[in-house]
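Geometric and topological summary
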There are 2 protein chains.
Amino acid sequence: MSPFRFELLHQHGALRRGRYHTPHGTFETPCFAPVGTYAALRGLTPEQVRATGTELILANSYHLHVRPGAGRIQRLGGLHAFMGWDGPILTDSGGYQVFSLGGKVSIDDLGVTFRSIIDGSEHRCTPESVLTFQRQLGPDIAMVLDHCPPGDADAATLRIAHERTLHWARTARELHDRWGGSSRGQAVFGICQGGTDPELRAHAAQQLAALDFDGYAIGGLSVGETKTQMAVALAACIDHLPAGRIRYVMGIGQPDDLLAATAAGVDLFDCVIPTRHGRNHEAFGQGGTVLKLRNAQFADDPRPLVQGCGCYACRTFSRAYLRHLAVADEMLGGILLSLHNIHFLQDLLRSIRARAEQPD
Amino acid sequence: MSPFRFELLHQHGALRRGRYHTPHGTFETPCFAPVGTYAALRGLTPEQVRATGTELILANSYHLHVRPGAGRIQRLGGLHAFMGWDGPILTDSGGYQVFSLGGKVSIDDLGVTFRSIIDGSEHRCTPESVLTFQRQLGPDIAMVLDHCPPGDADAATLRIAHERTLHWARTARELHDRWGGSSRGQAVFGICQGGTDPELRAHAAQQLAALDFDGYAIGGLSVGETKTQMAVALAACIDHLPAGRIRYVMGIGQPDDLLAATAAGVDLFDCVIPTRHGRNHEAFGQGGTVLKLRNAQFADDPRPLVQGCGCYACRTFSRAYLRHLAVADEMLGGILLSLHNIHFLQDLLRSIRARAEQPD
């Protein structure tokens, strides 16, 4: 029997309150997963990440495959032991990285060939190879390879990427089955592409639903489209995804996007925003405003970043101190702001989950 | 009555086991204080620092005076509240920084004039001004201004620096008294200089002892002299310092130096070594060897840095993971190694204190 299960606990309109079961424990949904690209959230210990209320984290299989190598991590006991995180882990397939990190990329129907951004060496990703890497890494949830076209791709490119993504998804689904499916301890999620074209999005969702994945991701959003285009693309996917499976929008983390997407029925998110903004000395303030801590206005401000916030940074330090760390370029500044930003989003998700539990 | 008191608990040969009382609690001696130059240990939260067994930390009053300003920290409630450290804090006077950070420095009998390393602005430090800054900052222990000559200074320069340091110490001692002494919540320590000349060292210790400071520092060591020269200079000071007062050697943190100096009767140390080495991906290994984590030899090493070490890094991560973080240039690597290095030195100090409690 599969150790993976999406439990739908409550529904409030389209907003869903659920729980996802994995071999490394559960996470409550809607859920936000911060990103630890190289098997580490920048500057944060697993202990500190846990204290923000985080239950699931994401790592990038492409980066880890290049360095230190998926086989090496497997020999060292897998990703959980390697990075000291005993909760659920999800890895992406690397598709997004291959297409977004630049360098020479050549795509054919069987996979993609590209040069490493690290040492210029030639690599090839196929639907089979990315699942193999992820099987070696050992996260709870693996993603299929998708062809992620740029935000400004023309209709022909979108259609080719769409067809190829579906073709690759079928290949991945078959391999997952040959390996015994999720009962061997790893779930595999399909990814809907299709840009801002609702017809392609709907078709992708239908085709993937028929393949019966453990969960469904919606990729290729927040790449330059308008909020309305994002909402239309999301709705087109969601309409055709099975209600009993978890739905995951990749790469969004702005508070207003999280509010809109959960209201539309999305259960899971990941994004680098809280840690990247933190390292840039930017913090979420009351109501999702952004505080730029380098600004002189905070130099004598004795208040916490957000009044009433329970995060370690807000319980311990003033804006004036955080501003001092930003100006003095002390790494502790980015660390504390990253902690606060993740905690802020986890608080937002907690409030969304509470709303989902209210009578419809 | 003064809230400061050095309690001598045990003696084992010249090795002393004591306890220093401050308004922010006690610290056990021999004690090692890690350094948080800008009111932050690089990349570490106060919570993490506390978990290494650290009881006392050092901050640099020169840096804090330049940025964000001693008056600003005073308005924000003082250094303890500002940096979220509720234990004892010691600040140096800035003398070492003024003389070591380069730039144009001109010294006269009343003080020193120099250009800021940050913005080139002209500053002046006098025995009175450095105590004023430190009074504003509000650490438990403040240091007097000293003239710290370079390690290769000639005899004439050494003598002038020696005389000037004593003159400044008298000025500082008088000001400390006018302010009500340590009963108002801040202890002031004198500093013995004198390079490698045992006669100058002995004379400095005698003169400072006569001034009845709350504690005594020995400065100007570990600036290029041999181990023998260091030992001779140390012994010359210690012979003339009062047994009932705490003795502090500034700026040493190598395990063998800590062992030698405690055996000679020193009670207190500070050094940037554990955090600086940590950021350079160097870790203390078994017996004080140094592990360079960038080395390929650690790529598949599943062992902790030090078998049996109770620090968070050793309890949670392998050398292979720490090597991966070093190679991927992840900030978490430097953080974990800094934590380990501080914990390693605190363990060393714990073992030294235990030895001091054994029958002579």
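Only a predicted model underlies this, so the values are computations on that prediction, with no experimental measurement involved.

1. Notes on the packing of aromatic side chains
The geometry of an aromatic ring pair comes down to the distance between the two centres and the angle between the two planes. This structure, assessed with the given rule, holds 18 aromatic pairs over all chains. Judged by centre distance (6.3 Å) and plane angle (40 degrees), the ring pair of A:Phe4 and A:Tyr20 falls under tilted. Taken together, the residues A:Phe4 in the segment before strand E1 (5-12) and A:Tyr20 in strand E2 (residues 15-22) connect sequence positions 16 residues apart. Assessed through its relative accessible area of 1%, A:Tyr20 is described here as buried. Both rings, one in A:Phe284 and one in A:Phe344, keep their centres 5.0 Å apart while their planes meet at 25 degrees; by these two values the pair is stacked. A residue pair is termed long-range when its members are at least 10 positions apart, and A:Phe284 in strand E15 (residues 282-284) and A:Phe344 in helix H14 (residues 331-356) qualify at 60 residues. Judged by its relative accessible area of 2%, A:Phe284 falls in the buried class. A residue is classified by how much of its surface remains accessible, and A:Phe344, at 15% relative accessible area, is buried. Put simply, the rings of A:Phe4, A:Tyr20, A:Phe27 and A:Phe189 pair up and form one aromatic cluster. Positioned above the aromatic ring of B:Trp85, the side-chain terminus of B:Arg50 is 4.3 Å from the ring centre.

2. So, the packing of helix H13 (residues 319-327) of chain B against helix H14 (residues 331-356) of chain B
All names here are of chain B. One way to put it is that H13 packs onto H14 with a least axis distance of 7 Å and a crossing angle of 130 degrees. With respect to their mutual orientation, H13 and H14 come out oblique. Judged by the sense of rotation from one axis to the other, the crossing of H13 with H14 is left-handed. In contact with Tyr 321, Leu 322 and Leu 325 of H13, H14 contributes Leu 332, Gly 333, Leu 336 and Leu 337. Residue classes in the contact of H13 with H14 are distributed as six nonpolar, one polar and no charged.

3. Quick look at the sheet that holds strand E8 (residues 111-115) of chain A
All names here are of chain A. Strand order in the open sheet formed by three strands is E7-E8-E9, and the pairing between neighbours is antiparallel. Each end of this open sheet is capped by a strand with a single partner; those strands are strand E7 (105-108) and strand E9 (122-125). Averaged over all adjacent pairs, the angle separating strand axes in this sheet is 15 degrees, with direction ignored.

4. Here we look at the interface of chain B and chain A
With 38 residues of chain B at the contact, the number on the chain A side is 38 residues. Regarding the contact of chain B and chain A, the summed buried area is about 3,200 Å², with carbon and sulfur atoms giving 61% of it. Of all residues in chain B, B:His324, B:Glu330 and B:Met331 bury the most surface against chain A, accounting for 18% of the area lost on that side. For the interface between chain B and chain A, the tally reads six salt bridges. In this structure, A:Asp300 engages B:Arg72 in a salt bridge whose closest nitrogen and oxygen atoms are separated by 2.9 Å. Run the count over chain B and chain A and you get 14 residue pairs in polar contact (both at pLDDT 80 or more). Breaking the side of chain B that touches chain A down by element, the ones donating at least two residues are helix H1 (46-51), helix H3 (70-75), helix H4 (79-83), helix H12 (312-316), H13 and H14 of chain B. A per-element tally of the side of chain B that touches chain A places H13(B) first, with five residues. Its residues placed into classes, the side of chain B that touches chain A shows 24 nonpolar, six polar and eight charged.

5. Overview of the state of the cysteines
Residues and elements named next belong to chain A. Within this structure, the stated rule accounts for zero disulfides over all chains. Its sulfur unpaired, Cys 148 is 13 Å from the next cysteine sulfur, which belongs to Cys 192. Owing to a relative accessible area of 10%, Cys 148 belongs among the buried residues under this scheme. We note that Cys 271 lacks a disulfide partner, and the nearest cysteine sulfur, in Cys 31, lies 13 Å from it. Overall, the relative accessible area of 6% leaves Cys 271 in the buried class.

6. Brief notes about the pairing of E2(A)
Looking along a regular strand, one sees side chains alternate from face to face of the sheet. Residue and element names in this part refer to chain A. By the criterion of burial, E2 is predominantly enclosed, with seven of the eight residues buried. By the bridge criterion, seven bridges tie E1 to E2 in an arrangement that is antiparallel. What sits directly across from His 10, in E2, is Arg 17. If you look at the hairpin formed by E1 and E2, you'll find two residues sitting between the two strands, and Gly 13 has a positive phi there, around 65 degrees. Note: E2 against strand E3 (residues 25-29), five bridges, orientation antiparallel. Note on E3: the bridge partner recorded for Thr 22 is Gly 25. Linking E2 to E3, which pair antiparallel, is a turn of two residues.

7. Quick look at the confidence of the model for chain A
Per-residue pLDDT for chain A averages 95, and the proportion of residues at 70 or more is 99%. For this predicted complex, the interface confidence comes out at an ipTM of 0.96, alongside a pTM of 0.97.

8. Focus: the pattern of salt bridges
Residue and element names in this part refer to chain B. One pass over the structure, following the stated rule, counts 41 salt bridges over all chains. When the shortest N-O distance is used, the salt bridge between Asp 212 and Arg 245 registers 2.7 Å. Remark: Arg 245 occurs in the loop between helix H9 (227-238) and strand E13 (246-249) and Asp 212 occurs in the loop between helix H8 (198-210) and strand E12 (215-218); sequence separation between them is 33 residues. Take Arg 245: its relative accessible area is 27%, and that puts it in the partly exposed class. Note that Glu 282 is salt-bridged to Lys 292, the shortest N-O span being 3.1 Å. Taken together, the residues span a long stretch of sequence, with Glu 282 in strand E15 (residues 282-284) and Lys 292 in strand E16 (residues 290-292) at a distance of ten residues. Overall, Glu 282 belongs to the buried group, its relative accessible area being 18%. The class for Lys 292 is partly exposed, based on a relative accessible area of 43%.

9. A short note on the relation of the copies chain B and chain A
Least-squares fitting of chain B to chain A yields an RMSD of 0.0 Å, with the transformation described by 0.0 Å of translation along the axis and a rotation of 180 degrees. The superposition of one copy onto the other is thereby described by a two-fold rotation axis. Across chain B, the rotation axis passes nearest the C-alpha of B:Gly43, at a separation of 3.8 Å. Taken as a fraction of all interface residues of chain B, those also at the interface in chain A reach 100%, which identifies the copy contact as same-surface.

Here is what the cut-offs are and how they apply
- Residues numbered from 1 in each chain as written.
- Chains lettered and ligands numbered in written order.
- Predicted model: local features only at pLDDT ≥ 70, side-chain atom pairs only at ≥ 80, totals over all residues.
- Heavy atoms only, no water.
- Phe/Tyr/Trp six-rings, centres within 6.5 Å; stacked < 30°, edge-to-face > 60°.
- Helix = DSSP H or I, 4+ residues; strand = E, 2+ residues; numbered from the N terminus.
- Buried < 20%, exposed > 50% of the residue type's maximum accessible area, 1.4 Å probe, protein only.
- Lys NZ or Arg CZ within 6 Å of the ring centre and 35° of its normal.
- Axes fitted to C-alpha atoms, helices over the stretch in contact; angles between N-to-C directions.
- Parallel < 35°, antiparallel > 145°, perpendicular 65-115°, else oblique.
- Left-handed = near helix turned anticlockwise from the far one by under 90°.
- Contact = heavy atoms within 4.5 Å.
- Nonpolar A, V, L, I, M, F, W, Y, C, P; charged D, E, K, R; others polar.
- Pairing = 2+ DSSP bridges.
- Buried area = accessible area lost by both parts, 1.4 Å probe.
- Salt bridge = Lys/Arg side-chain N within 4 Å of Asp/Glu carboxyl O.
- Polar contact = N/O pair within 3.5 Å; in protein donor to acceptor, adjacent residues only side chain to side chain.
- Disulfide = S-S within 2.5 Å.
- pLDDT = per-residue confidence, 0-100.
- Least-squares fit on C-alpha atoms with pLDDT ≥ 70 in both.

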